Number of protein chains: 2
Amino acid sequence: MDLPRPRASRKGGAGMSEAIGPKIPDRDSAPHRLRAKRLGVLTSDEPVVFMRSDCPACRSEGLSSRSRVLLRAGEKSVIATLFQVSADWLDIGQAGLSNAAWELLDVQEDVPITVHHPDPLTSFSQVRARIFGNRLDAAQFREILDDIAARRYSGIETAAYLVSGSSFPLDREEMVALTRVMVDIGETLTWQQSPVVDKHCVGGLPGNRTTPIIVAIVAALGLTMPKTSSRAITSPAGTADAMETLAPVDLDLPAIRRVVDLEGGCIVWGGAVRLSPADDLLIRVERVLDLDSEGQLVASVLSKKVAAGASHLVLDIPVGPTAKLRTSAAGEALSVQLASVAARFGIATSVVITDGSQPVGVGVGPALEARDVLAVLQQTPGFPEDLHARACALAGALLELSGKAAPGEGAALAALTIANGVAWAKFQRICEAQGGMRVPPSAKHRRPRLAESSGHVTAIDNRRIARIAKLAGAPGSKAAGVEMHARVGDRITAGQPMFSVHAETSGELEYALAYADANPEAIQIDEGRPKEI
Amino acid sequence: MDLPRPRASRKGGAGMSEAIGPKIPDRDSAPHRLRAKRLGVLTSDEPVVFMRSDCPACRSEGLSSRSRVLLRAGEKSVIATLFQVSADWLDIGQAGLSNAAWELLDVQEDVPITVHHPDPLTSFSQVRARIFGNRLDAAQFREILDDIAARRYSGIETAAYLVSGSSFPLDREEMVALTRVMVDIGETLTWQQSPVVDKHCVGGLPGNRTTPIIVAIVAALGLTMPKTSSRAITSPAGTADAMETLAPVDLDLPAIRRVVDLEGGCIVWGGAVRLSPADDLLIRVERVLDLDSEGQLVASVLSKKVAAGASHLVLDIPVGPTAKLRTSAAGEALSVQLASVAARFGIATSVVITDGSQPVGVGVGPALEARDVLAVLQQTPGFPEDLHARACALAGALLELSGKAAPGEGAALAALTIANGVAWAKFQRICEAQGGMRVPPSAKHRRPRLAESSGHVTAIDNRRIARIAKLAGAPGSKAAGVEMHARVGDRITAGQPMFSVHAETSGELEYALAYADANPEAIQIDEGRPKEI
């Protein structure tokens, strides 16, 4: 897992490359100096250092396993979790580094590393106060988020911060302050063009890959849409993963500007741009907790849009029994918060509550979703109508919001832009500008899962379908995933395929199908009358 | 760090040795079977497994770094955190285990290990509900604590649980329910003798080593006091660490019974007895958060006393500016909670609010504190009067509470029992019964820190003194620590020693003194008039 390096150009605060001064006198004497060793250990975003328990640094600093330690190499420093080693695969003078620690320290093999106790995390007293109900202002959020972005918080401290905003939900002023802080600690983009439009889907839905279609439509109609997307964190595909099967997405800032100046839009991976450096770290802990911290969600979403320079924003909020938001009321309450805070940053917002009851389109997985995007843009017979309709609704909302279409006429204009081939032509030009269009790969192995009874499909479980796609290898194997053959309301007969698993290895194929066999509720068939849908 | 093995005799629930069935079909086919390899990595109490990122198990299960995985070996299973390895110091077919994982799985080198996705943590939905303010009942606490004791919670989830009880404090019924659950998931001791007395100090104070003295006094006077104590977690010495320099403390249950039957009391390490298996795991995360979760503290303290079979309990609550509790009001509020909940379990309680403004006695560190204990019991000239007074006050409270002394006469009886040599004789017999009396070691290196100015000592910082003792090597080096030469109120002249650092290596000595030099506020000297103390 490659971690983005801190960039010299970003605004201060996150401070990874600043010297973090310990209160203990800095005594880089021989006993506390170790030699860097790359262990090739992937620890996600947590820097970890392995040291012999009998090394002088551990003994004289009184370090114990899982201590947090401050590592320094030259001008760089990082706070890491210490794992002690009592075996001789590590030398007594070595500091074995996880990949995250190695990259943040920017060292080479055998470079000297010094080890210290870190300063106390003074910002955590703000978290403690928040736990007991105190409200935080921008300066206090800034202290906390600076430390999180600099990876000074362990998972334990990050969890406490997130829970503090759940037990006592953030009020409007806190959401605005937190959004502002999350913008300030990252990089920001500015554009000559106006308006600059953006789109965000709150809470993933498998196969909901509208972004490439929307960008093609609105850029074709003269709007500017510099779209930065994420890779999957826990889902079978992020927009960047799917788009990468169609064109390069690892563009740096000058390349993004060039594409947008040329074509009016792009669909790139946002990881290299660091619009919100604390966000991925927070998301990872949020997923473990599966916790609904509305204030943090609002700030996370909007800070990226403010930082990306958006003036007009459409929010897609899918609602359904196995979506992130389960009721329309919850979706509407969230959309009020999002629109109100966005307004404070001068962003005009339009919220579209969409059907989140089942996966969108046919494919779930990077290449399979890319094929759906192509089918819609090319109007291939049998293209997924639901994906087409969603993309037109969302693109239409953007067209109306930015004055390119009269109220009520946006979706029809979007559909026309697909039908007349203009969106497809624009999409091809964007792909060329990003480095050249690609053909999405096909999986070596595929096998259908057959219905065991006849009846009507009454429900499809988004989470289980996503799980099957991941077990099949998505997003690591770009071609892997699930191809849906049934939708809610369809009449199905026993023996008919409900979906097919695509995989690159037979092991993954078997494993995904075994999970599907054990989880028949992934697709529920009612043998009686169809329910009212 | 040795982890206590789960014992077959303990009551069900924690379930480490039960099979934890994954919902995914159990397919122990070749691709998911790995060979155990002991890596000798100390990760404190967190089981960690290292696997090659390109191994079939990682690929076919769709595992990513920091996934939680279910490991099985024979009948044993454990949930571990996965760190992936992209280097060849680990074979593609190996599961490299941290010591915690190795011991919980109870495996040998190359034993087959299978890897699965763990079941969802269903108890965490109770934590989520608690975060939003729902009260929990005993059954709900039981689900959570069973999972924590079985190490199914990562630090992130444990942190969320602890914060949930801080944002919305536990009410009295929740404290009673949680105490009951923490008793139920551990082992319990029963005694023929009555009364069975116990003592607990809430919030450590450096050098506050009254326990061995109290046990000697009350056992000499016919009370039963089977005292199980802890080792230091983050302090320079726990009672078990100090006592270990005087006699063996690693006694199993039959040995404890034999000592107590013979002498009426013991001072042993509680780690082998598992009175409250979730507690150490919770304490470790609480220390990171430095969070005041009163309900959890009450349940943690009292569950161990209930499980140990205590009928009468004295609580020592030190209050001072650098103690855990900073005001008398806070100390009294906590004592009301403790006494009320204890009463629900039939335990008579007496609370003694004590002076927590400075370290107790002369020594801070295992052997140095043991020497203070000996000086008090032997009435060596110059013995630490404050330690003597505290031990007599607390022993006196126990004697009064259990009817061995009339109200108001307990402390005097305790002092007499020291003065006439009866307590010292009893202490020697207890040490012999535990395996033989030892002489505490002396440190190779010692050097005083001298006062830089003259005046009166106005404050001593418990936390900084503890830190100096730890930097000197305590508790790992038994002889290491700090020997205090000054107390609050003392008149001191420039150049006079304020304290001496004791260390086993010159490096540790230097490092502790360098920290002391950089932290002159460890002992504050006012050059003007003495403050009213």
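So, how was this worked out
Residues numbered from 1 in each chain as written. Chains lettered and ligands numbered in written order. Predicted model: local features only at pLDDT ≥ 70, side-chain atom pairs only at ≥ 80, totals over all residues. Heavy atoms only, no water. Helix = DSSP H or I, 4+ residues; strand = E, 2+ residues; numbered from the N terminus. Rg over C-alpha atoms; globule rule 2.2 N^0.38 Å. Contact = heavy atoms within 4.5 Å. Areas by Shrake-Rupley, 256 points an atom, 1.4 Å probe, with all protein chains shown as cover. Lys, Arg positive; Asp, Glu negative; His and termini not counted. Charge placed at Lys NZ, Arg CZ, Asp CG, Glu CD. Buried area = accessible area lost by both parts, 1.4 Å probe. Salt bridge = Lys/Arg side-chain N within 4 Å of Asp/Glu carboxyl O. Least-squares fit on C-alpha atoms with pLDDT ≥ 70 in both. Phe/Tyr/Trp six-rings, centres within 6.5 Å; stacked < 30°, edge-to-face > 60°. Buried < 20%, exposed > 50% of the residue type's maximum accessible area, 1.4 Å probe, protein only. Lys NZ or Arg CZ within 6 Å of the ring centre and 35° of its normal. Pairing = 2+ DSSP bridges. Axes fitted to C-alpha atoms, helices over the stretch in contact; angles between N-to-C directions. pLDDT = per-residue confidence, 0-100. Patch = residues over 30% accessible without salt bridge, like charges linked within 9 Å, V, L, I, M, F, W, Y side chains within 5 Å. Parallel < 35°, antiparallel > 145°, perpendicular 65-115°, else oblique. Left-handed = near helix turned anticlockwise from the far one by under 90°. Nonpolar A, V, L, I, M, F, W, Y, C, P; charged D, E, K, R; others polar.

(A) Quick look at the overall build of chain A. Along its length, chain A carries 18 helices and 18 strands. Its C-alpha atoms give chain A a radius of gyration of 25 Å, within 12% of the compact-globule value 24 Å for 533 residues. When its C-alpha atoms are laid out on the principal axes, chain A stretches across 75 × 50 × 50 Å. Within chain A, residue pairs in contact and separated by at least 24 positions form 80% of the contacts whose partners lie at least 6 positions apart. Approximately 19000 Å² of chain A is accessible, and the part contributed by carbon and sulfur atoms is 50%. Treating the 57 positive side-chain charges of chain A as one cloud and the 61 negative ones as another, the clouds have centres 2 Å apart.

(B) Expanded view of the interface of chain B and chain A. Taken together, the contacts link 59 residues of chain B with 59 residues of chain A. Across the chain B/chain A interface, buried area totals approximately 5200 Å², and carbon plus sulfur atoms make up 64% of it. On the chain B side of the contact with chain A, Leu42, Ile156 and Tyr511 of chain B bury the most area, a combined 13% of that side's loss. Residue glutamate 46 of chain B pairs with arginine 66 of chain A through a salt bridge whose shortest N-O separation is 2.7 Å.

(C) Just the relation of the copies chain B and chain A, in detail. Overlaying chain B with chain A gives an RMSD of 0.1 Å, the required rotation being 180° about an axis along which the chain moves by 0.0 Å. Both copies are brought into coincidence by an operation consistent with a two-fold rotation axis. Among all C-alpha atoms of chain B, that of isoleucine 156 of chain B lies closest to the rotation axis, at 2.3 Å. Comparing contact sets, 100% of the residues at the interface of chain B also lie at the interface in chain A, consistent with an isologous, same-surface contact.

(D) Molecular detail of the packing of aromatic side chains. The final tally for this structure, using the stated rule, is 12 aromatic pairs over all chains. Between phenylalanine 50 of chain A and phenylalanine 83 of chain A, the ring centres sit 5.8 Å apart and the planes meet at 85°, which makes this aromatic pair edge-to-face. Placement of phenylalanine 50 of chain A in strand 2 (residues 48-52) and of phenylalanine 83 of chain A in strand 4 (residues 76-85) is noted, with a sequence separation of 33 residues between them. The exposure class assigned to phenylalanine 50 of chain A is buried, which follows from its relative accessible area of 1%. A residue is classified by how much of its surface remains accessible, and phenylalanine 83 of chain A, at 3% relative accessible area, is buried. Relative to tyrosine 153 of chain A, the ring of phenylalanine 124 of chain A lies with its centre 5.9 Å away and its plane at 65°, an arrangement referred to as edge-to-face. Pair noted here: phenylalanine 124 of chain A is in helix 3 (residues 124-131) and tyrosine 153 of chain A is in the loop between helix 4 (138-149) and helix 5 (155-167), with a separation of 29 residues, a long-range link. Residue classification places phenylalanine 124 of chain A among the buried residues on the basis of a relative accessible area of 1%. By way of ring pairs, the aromatic residues Phe50, Phe83 and Trp89 of chain A together with Phe50, Phe83 and Trp89 of chain B are connected into one cluster. One Lys or Arg, arginine 257 of chain A, reaches over the ring of tryptophan 191 of chain A and ends 4.8 Å from the middle of that ring.

(E) Local environment of the environment of serine 194 of chain B. For serine 194 of chain B, the position within the fold is in the loop between helix 6 (172-184) and strand 7 (197-201). It is 9.6 Å that separates the C-alpha atoms of serine 194 of chain B and serine 402 of chain B, two residues lying 208 residues apart in sequence.

(F) Region of interest: the sheet that holds strand 15 (residues 481-484) of chain A. Residues and elements named next belong to chain A. Read from one edge to the other, the open sheet built from 4 strands follows the order 12-15-17-13, with strand pairing classed as antiparallel. In the strand order of this sheet, the two ends are held by strand 12 (363-364) and strand 13 (445-450), each with one partner. Sheet topology note: the strand 12/strand 15 ladder contains 2 bridges and is antiparallel. Each bridged residue has a counterpart across the sheet, and for valine 364 the counterpart in strand 15 is valine 482. Of the strands in this sheet, strand 12, strand 15 and strand 17 (497-503) are in contact with helix 17 (residues 462-471), which crosses strand 15 at around 130°.

(G) Focus on the sheet that holds strand 10 (residues 312-319) of chain B. All names here are of chain B. Taken in spatial order, the 3 strands of this open sheet run 7-10-11, and their pairing is parallel. With one partner strand each, in any of the chains shown, strand 7 and strand 11 (348-355) form the two edges of the open sheet. Neighbour-to-neighbour, the strand axes of this sheet turn through a mean angle of 20°, independent of strand direction. Looking at chain direction, strand 10 and strand 11 are connected through 8 bridges and run parallel. Its bridge partner being in strand 11, histidine 312 is matched across the sheet by alanine 348. Contacting strand 7 and strand 10, helix 11 (residues 294-307) runs over the sheet at an angle of about 160° to strand 7.

(H) Broad picture of the environment of proline 169 of chain B. You can see proline 169 of chain B is positioned in the loop between helix 5 (155-167) and helix 6. Remark: the alpha-carbon pair of proline 169 of chain B and glutamine 296 of chain B, spanning 127 residues in sequence, is separated by 9.3 Å.

(I) How the structure looks around the confidence of the model for chain A. Residues and elements named next belong to chain A. Mean pLDDT over chain A works out to 89, with 92% of the residues at or above the 70 mark. Within the model, the stretch residues 1-31 combines pLDDT values under 50 with 86 contacts to residues more than four positions away or in other chains. The ipTM, which scores confidence in the relative placement of chains, is 0.82 for this predicted complex, and the corresponding pTM is 0.84.

(J) Structural view of the pairing of strand 4 (residues 76-85) of chain B. Within strand 4 of chain B, 9 of the 10 residues are buried, which leaves it mostly tucked inside the rest of the structure. As paired strands, strand 1 (residues 33-42) of chain A and strand 4 of chain B are joined by 2 bridges and run antiparallel to one another. Among the inter-strand pairings, valine 41 of chain A is bridged to a residue of strand 4 of chain B, identified as valine 85 of chain B. Looking at chain direction, strand 3 (residues 68-73) of chain B and strand 4 of chain B are connected through 6 bridges and run antiparallel. What sits directly across from leucine 70 of chain B, in strand 4 of chain B, is isoleucine 79 of chain B. Between strand 3 of chain B and strand 4 of chain B, which pair antiparallel one after the other, the connecting turn spans 2 residues, and glycine 74 of chain B there sits at a positive phi close to 60°.

(K) Quick look at the pattern of salt bridges. All chains considered together, the criterion is met by 62 salt bridges over all chains. Taking the shortest distance from any N to any O, the salt bridge between aspartate 91 of chain B and arginine 35 of chain B comes out at 3.7 Å. Remark: arginine 35 of chain B occurs in strand 1 (residues 33-42) and aspartate 91 of chain B occurs in the loop between strand 4 and strand 5 (94-98); sequence separation between them is 56 residues. Residue classification places arginine 35 of chain B among the partly exposed positions, given a relative accessible area of 33%. Beyond isolated ion pairs, a larger network of salt bridges with shared partners links Arg231, Asp241, Glu244, Asp250 and Lys478 of chain A.

(L) Spatial organisation of a positive patch on the surface. A contiguous patch of positive charge, built from Arg287, Lys324, Arg326 and Arg463 of chain A, is present on the exposed surface. Summarising the element assignment, arginine 287 of chain A is placed in helix 10 (residues 279-289).

(M) Inspection of the environment of leucine 90 of chain A at higher detail. All names here are of chain A. Following the sequence through the fold, leucine 90 ends up in the loop between strand 4 and strand 5 (94-98). For the pair leucine 90 and arginine 52, spaced 38 residues apart in sequence, the C-alpha to C-alpha distance is 6.8 Å. Ignoring any residue separated from it by four or fewer positions in sequence, one finds leucine 90 in contact with Lys37, Leu39, Phe50, Met51, Arg52, Val85 and Gly96.

(N) Structural context of the packing of helix 17 (residues 462-471) of chain B against helix 18 (residues 506-518) of chain B. Residue and element names in this part refer to chain B. Running from N to C, helix 17 and helix 18 cross one another at 160°; their axes reach a closest spacing of 8 Å. By the criterion of interaxial angle, the relationship of helix 17 to helix 18 is roughly antiparallel. The handedness of the crossing between helix 17 and helix 18 is right-handed. From helix 17, Arg464, Arg467, Ile468 and Leu471 reach across to helix 18, where they touch Glu508, Tyr511, Ala512, Tyr515 and Ala516. Looking at the contact of helix 17 with helix 18, its residues break down into 6 nonpolar, no polar and 3 charged.

(O) Structural detail: the side chain of serine 453 of chain B. Residue and element names in this part refer to chain B. In this fold, serine 453 is placed in the loop between strand 13 (445-450) and strand 14 (455-460). Classification of serine 453 as buried rests on a relative accessible area of 19%. Ignoring any residue separated from it by four or fewer positions in sequence, one finds serine 453 in contact with Ile492, Thr493, Ala494, Ile525 and Glu527.

(P) Region of the structure containing the packing of helix 3 of chain A against helix 5 of chain A. Residues and elements named next belong to chain A. It is the contact of helix 3 with helix 5, at a shortest axis distance of 9 Å, that shows an interaxial angle of 40°. For the pair helix 3 and helix 5, the sense of crossing is left-handed. Residues Phe124, Val127, Arg130 and Ile131 of helix 3 lie in contact with helix 5, whose contacting residues are Glu157, Ala160, Tyr161 and Ser164. By residue class, the composition of the contact of helix 3 with helix 5 is 5 nonpolar, 1 polar and 2 charged.

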